[in-house]
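The residues making up each chain are set out below.
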Amino acid sequence: MIGLSRGTLSGIQYLRAAAAIAVVLFHAAEKTGYHFAIGAAGVDVFFVISGFIMWVVSARREPTPVQFLRARIRRIVPVYWLATAVMVAGALGGLFPNLVLSLEHVLASLFFIPARSPSNGEIWPVLVQGWTLNYEMFFYVVFAGTLLLPRAWRLPAIGALFGLLVISGGLFVPDNAVLLSFTRPIILEFVAGMVIGELWLKGKVSAPAVGFALIALAFSGFAAIQIAGLPFDALVCGPLAAALVVGVLALEAGRRVRFVPAAVLLGDASYSIYLWHTFAISVIAKVGTSMGAPAPAVFVIAVLAGISAGVLGYFLIERQSLLTTWRAVRAGFSRAVL
């Protein structure tokens with residue numbers, strides 16, 4: 001969800017856009033009586049991309065742990081807290097009758113601590129899709145810690161730690177929400193992204209023909225899961241997501257990826273799309289149902305509304321938040337110099 005600067009790698013931007021839209025399709029289908037479970041695999045693609053981006057960007061800039069975390073917090077927290085506040089306000093106003101609030105759960109949600117929801121016992125924050133940000137922030141904290149190590153030790157250190165966590169989770173099956181969350185195999189997708197990033201930096205990139213094959217393999221795998229209704233988890237979707245990322249990077253290196261402004265915009269807006277789409281989808285689904293509109297029409301409108309809400313949120317909230325933060329940093333620096 002959290003990306004490279006504009007114009008860096010168009011293929012990665014396209015993947016971010018595709019992953020966000022897959023999640024939108026998943027939730028729109030869920031609300032309108034359809035079935036698109038494989039759309040949830042957009043999260044797996046996001047996690048692999050996140051590992052790739054963090055590894056590549058840190059190699060180019062060599063930030064300190066504090067600089068790295070400060071940048072991640074500026075990027076994630078303001079918009080997420082605002083979306084969470086909207087959920088809390090809506091629940092207090094009776095707009096979300098199934099949402100049960102507790103101070104402990106709200107605080108855990110705001111500070112990215114996995115906790116069981118008083119609404120249903122699931123390990124979900126107040127804004128349900130924010131569960132992925134718990135993993136992102138966990139990864140960022142661990143990654144920041146390894147920035148104190150020599151560069152050659154960082155990838156093995158995170159790989160070993162995450163591998164041990166997954167093994168321990170499989171052996172002991174913890175019930176604690178934090179331990180249960182951060183010992184799941186899905187955390188290995190960040191490591192896969194980092195490995196891909198290291199290969200990219202070393203120029204060890206597959207030929208475009210192999211890239212096309214990997215992309216076809218990944219989409220075929222996702223399609224087979226959806227069509228056949230097969231069970232899937234991170235151990236299945238993680239490798240498919242990694243193959244997709246490697247394939248796109250192979251095309252990128254072979255100059256086979258064209259710049260498409262609209263697709264890049266959706267990639268830029270993918271974080272906002274991810275955060276805000278469920279609000280629009282819920283409204284459209286309720287209005288469509290009350291009006292007796294045809295389910296296919298409600299589904300299509302819900303998808304378009306979800307994407308549009310995210311793009312609007314990107315321009316009106318996310319970009320403004322980043323600009324405001326940057327201006328504040330520059331103003332503080334200027335005052336310090338003067």
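Residues numbered from 1 in each chain as written. Predicted model: local features only at pLDDT ≥ 70, side-chain atom pairs only at ≥ 80, totals over all residues. Heavy atoms only, no water.

The next point concerns the packing of aromatic side chains. Counting across every chain of the model gives 19 aromatic pairs. Summarising the aromatic geometry, the rings of tryptophan 55 and phenylalanine 143 are spaced 6.4 Å apart at their centres and angled 90° between planes, so their arrangement reads as edge-to-face. Here the residue tryptophan 55 occupies a position in helix α2 (residues 42-61), and phenylalanine 143 occupies one in helix α5 (residues 131-146), the gap between them amounting to 88 residues. Accessibility assignment for this pair places tryptophan 55 and phenylalanine 143 in one class, buried. A cation over an aromatic ring shows up here: arginine 72 above the ring of tyrosine 140, its NZ or CZ 5.6 Å from the ring centre. (Phe/Tyr/Trp six-rings, centres within 6.5 Å; stacked < 30°, edge-to-face > 60°. Helix = DSSP H or I, 4+ residues; strand = E, 2+ residues; numbered from the N terminus. Buried < 20%, exposed > 50% of the residue type's maximum accessible area, 1.4 Å probe, protein only. Lys NZ or Arg CZ within 6 Å of the ring centre and 35° of its normal.)

The predicted model of the protein chain averages 92 in pLDDT, with 92% of residues at 70 or higher. Taking the mean pLDDT of every element in the protein chain, the minimum, 76, falls on helix α13 (residues 295-337) and the maximum, 98, on α5. Across residues 1-7 the pLDDT falls below 50, and counting only partners more than four positions away or on other chains, this stretch makes 25 contacts in the model. (pLDDT = per-residue confidence, 0-100. Contact = heavy atoms within 4.5 Å.)

With that settled, consider the pattern of salt bridges. Going through the model one piece at a time under the given rule, you end up with five salt bridges. The closest approach of N and O atoms between arginine 116 and aspartate 175, which form a salt bridge, is 3.7 Å. Placement of the pair is arginine 116 in the loop between α4 (103-110) and α5 and aspartate 175 in the loop between α6 (151-172) and α7 (177-181), with a sequence separation of 59 residues. Take arginine 116: its relative accessible area is 38%, and that puts it in the partly exposed class. By relative accessible area, aspartate 175 is classed as exposed at 62%. Two residues, glutamate 198 and arginine 151, come together in a salt bridge whose shortest N-O distance is 2.9 Å. With glutamate 198 in helix α8 (residues 188-201) and arginine 151 in helix α6, this pair connects stretches of sequence that are 47 residues apart. Assessed through its relative accessible area of 30%, arginine 151 is described here as partly exposed. (Salt bridge = Lys/Arg side-chain N within 4 Å of Asp/Glu carboxyl O.)

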